[in-house]
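Residue strings, one per chain:
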Amino acid sequence: MALITAQSLSVDTRLQAASFELNKTEIIGIIGPNGAGKSTLLHVLSGLEPFTGQLLINDHPFDHLSTNQRAQTIGLLPQEASTVWSLSVSDVVALGRIPWNDEDREIISQAMHLTGTQDLSDRKIDTLSGGERARVWLARVLAGKPQILLADEPIASLDIHYQLAVMGILKRYAQQGHAVMVAIHDLSLAARYCDRICLMKAGKIVALGSIEQVLTEDLLSSAFNVSVQIDLQRSPPIVLPH
Amino acid sequence: MNRTLIPALCLLLLAVTWLSLSYGVIPVSVLDGLIDWLQNVSSRPALIIGEIRLPRTLLAIAVGAALGLSGAALQGLLRNPLAEPSLVGASQGAALGAATVFYFSLFASLGSLATAVAGLLGAIIALLLMLGLAGSGRPALVIMAGLAISTISGAILAVVLNFAPNPYAMQELVFWLLGSVSNRGLDSLYILIPSLIVGTLLIWQQRQLLAGLSLGDKVAESLGLSVSRGSRLTVLGAAILVGSSVSVAGNIGFVGLLVPHIMRPLVGHRPDRLLFPSALAGSILVCVADICIRLLPPGRELKLGVLTSLLGAPLFVWLLWKERKRWL
């Protein structure tokens, strides 16, 4: 069942005629060089950028949703996250409940449990390490229980342990009847965790399909201008630049 | 902690109010005075309590609440612990507006409301210019834009003072600008109380936005909050609070900066939970400062705004010293 149906979504030249579907229990990895339009696409889907084209969420036109309904359905984990205030971890996670206008302790502690942040609950966000903080930001989005979770490079600044942890959380979240779109630079991890891959370049979707269809030497080398070594048969799969 | 904080602040405010009503040159019974005044009995206690100390106390409470609340709202909105009504140009804008009306006798048809309306307009224009100039919520830009607007307002205000029609008018303007809650009748509350209610409601409705904004514009927007509309309403609310309090009581500096700063650790740094405690603590602080002024030896009275600046400025230096770590 398609949670998102997009037809020729465009934002000036940054996003050009993007069409795709996002299905229930699916995790789509968005890959592509810097400036390819990955963030723009995620921002459009979460209502941060005006766009042209047709966008259906659960078969309802996007602009028929109230901002609150939209926020309840779609959660965004932005690329750069920070806060000036020295908030406690549980208060940060509780902010995820704003679309629901409550502070449901049970859902908040579930979100913290999923991300392994429950032990940090009383700590101040500015005393945490980068890896701990990234999981708190993720817990904040999960606390909103969005049907569709959009994550913009959630593992960009993490060590390999936390990269696997965060991707694992996203994968499990998708499998529990939700759907996830994640912008990601690590192609091996994309191959390992994503159901489908969306390759973007210069504002356009160049290819969208299964791992085997998109992670090919031809497509990747023309998109990134480097030759790559691909071994999808291995477990975990490997996609590395030469 | 938040559960005991508000009742504690309320109790403290009641105690300070009582102290403010009972302290004065002439000893009178507060209760007798209040009862007589409410029953319209023209006794000496009724006159002293009802006509002198009650307006002064209520004004101090209202002005303190307005300044504390607007400071908390602006700091939350701009995500900057150094944002303050006077640092973002609102106070100077209000002073300029009110002084210009005072000087040129504009809006004569509004009667005693004229300076309040002018103060309000001045504060709104100054804040809008500041936001336009800063272009975003980036702390450094907001402070610089605020400085620019304050400087311009200050310069124009100097021109107004320079060309004051006579020394007496100039003295009156200067004394008013220094900030005070004494010698004002209950009618100044007719301006301040409605503004306090409207400004508070505007800001209170945006408390979720202030909470959401603590994680940045994008997160707030994705949580379904309307950042641009909400920011404008918050600025309008703050401008109403600052404009009306400056137009009635002149410049009472540093309250809006310090009060939220002192309260912040007590509410777990949450900008939405900071609002109400800041209003209460602002009332307490201004009321206490006004009592301190009355404790000073008689003679020429030290102006309230002068005292808060004298006490507030060193605290501001200390605050900057602490904040330095963030910028270095």
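Each remark here, short or long, concerns the structure printed above.
Residues numbered from 1 in each chain as written. Chains lettered and ligands numbered in written order. Predicted model: local features only at pLDDT ≥ 70, side-chain atom pairs only at ≥ 80, totals over all residues. Heavy atoms only, no water.

Some words on empty space enclosed by the protein
Residue and element names in this part refer to chain A.
Then, in step 1: Scanning all chains against the criterion turns up five cavities of 30 Å³ or more.
Then, in step 2: Reported here for the largest cavity is a volume of approximately 70 Å³.
Then, in step 3: Looking at the lining of the largest cavity, the elements with two or more residues in it are β6 (74–77) and α5 (130–143).
Then, in step 4: For the lining of the largest cavity, the leading source of residues is β6, giving three residues. (1 Å grid on protein atoms, 1.4 Å probe; cavity = no way out; pocket = protein on both sides within 12 Å on 5 of 7 lines; lining within 4 Å. Points joined across faces, edges and corners; volume = space filled by probe spheres on them. Helix = DSSP H or I, 4+ residues; strand = E, 2+ residues; numbered from the N terminus.)

Here's the deal with helix α4 (residues 105–114) of chain A
All names here are of chain A.
Then, in step 1: Listing the buried residues of α4 in full gives Ile-107, Ile-108, Ala-111 and Met-112. Relative to the axis of α4, the buried residues are bounded by an arc of 140° and lie together on one face. Along α4, exposed side chains directed more than 90 degrees from the buried face belong to Glu-106 and His-113.
Then, in step 2: In this structure, the buried side of α4 is in contact with α3 (89–94) and α5.
Then, in step 3: A distance of 3.0 Å separates the backbone nitrogen of Glu-106 from a side-chain oxygen at the start of α4, and that oxygen is part of Asp-104.
Then, in step 4: Following α4 by one or two positions, Gly-116 has its phi on the positive side, about 65°. (Buried < 20%, exposed > 50% of the residue type's maximum accessible area, 1.4 Å probe, protein only. Arc of directions from axis to C-beta. Contact = heavy atoms within 4.5 Å. Polar contact = N/O pair within 3.5 Å; in protein donor to acceptor, adjacent residues only side chain to side chain.)

With respect to the interface of chain A and chain B
Then, in step 1: Listed by partner, the interface residues are 27 residues for chain A and 25 residues for chain B.
Then, in step 2: Of the roughly 2200 Å² buried between chain A and chain B, counting both surfaces, carbon and sulfur atoms make up 60%.
Then, in step 3: Counting the contacts that link chain A with chain B gives four salt bridges.
Then, in step 4: Notably, a salt bridge pairs Arg-270 of chain B with Glu-103 of chain A, separated by 3.0 Å at the nearest N-O pair.
Then, in step 5: Residue assignment for the side of chain A that touches chain B shows that the elements contributing at least two residues are α2 (67–73), β6, α3 and α5 of chain A.
Then, in step 6: No other element matches α2 of chain A, which puts three residues into the side of chain A that touches chain B.
Then, in step 7: In terms of residue class, the side of chain A that touches chain B is made up of 13 nonpolar, eight polar and six charged. (Buried area = accessible area lost by both parts, 1.4 Å probe. Salt bridge = Lys/Arg side-chain N within 4 Å of Asp/Glu carboxyl O. Nonpolar A, V, L, I, M, F, W, Y, C, P; charged D, E, K, R; others polar.)

Topic: the packing of aromatic side chains
The description of an aromatic ring pair rests on the distance of the ring centres and on the angle between the ring planes.
Then, in step 1: Inspection of the entire model under this criterion finds one aromatic pair over all chains.
Then, in step 2: We note Lys-303 of chain B situated over the ring of Phe-175 of chain B; from NZ or CZ to the ring centre the distance is 4.9 Å. (Phe/Tyr/Trp six-rings, centres within 6.5 Å; stacked < 30°, edge-to-face > 60°. Lys NZ or Arg CZ within 6 Å of the ring centre and 35° of its normal.)

What about the sheet that holds strand β10 (residues 204–210) of chain A?
All names here are of chain A.
Then, in step 1: As summarised here, the arrangement of the six strands in space is β6-β7-β8-β3-β9-β10, forming an open sheet in which the pairing is mixed. The strands lining the two open edges of the sheet, one partner per strand, are β6 and β10. Each neighbouring strand pair of the sheet contributes to a mean axis angle of 15°, computed without reference to strand direction.
Then, in step 2: Running over the sheet, helix α9 (residues 217–224) touches β3 (27–31), β9 (196–201) and β10 and is turned about 35° from β9. (Pairing = 2+ DSSP bridges. Axes fitted to C-alpha atoms, helices over the stretch in contact; angles between N-to-C directions.)

Re a nonpolar patch on the surface
Residues and elements named next belong to chain B.
Then, in step 1: On the surface, a nonpolar cluster with roughly 560 Å² of combined accessible area is contributed by Phe-104, Leu-106, Phe-107, Leu-121, Ile-125 and Leu-129.
Then, in step 2: The element best represented in the nonpolar patch is helix α5 (residues 114–134), accounting for three residues.
Then, in step 3: Mapped onto the elements of the fold, Ile-125 is located in helix α5. (Patch = residues over 30% accessible without salt bridge, like charges linked within 9 Å, V, L, I, M, F, W, Y side chains within 5 Å. Areas by Shrake-Rupley, 256 points an atom, 1.4 Å probe, with all protein chains shown as cover.)

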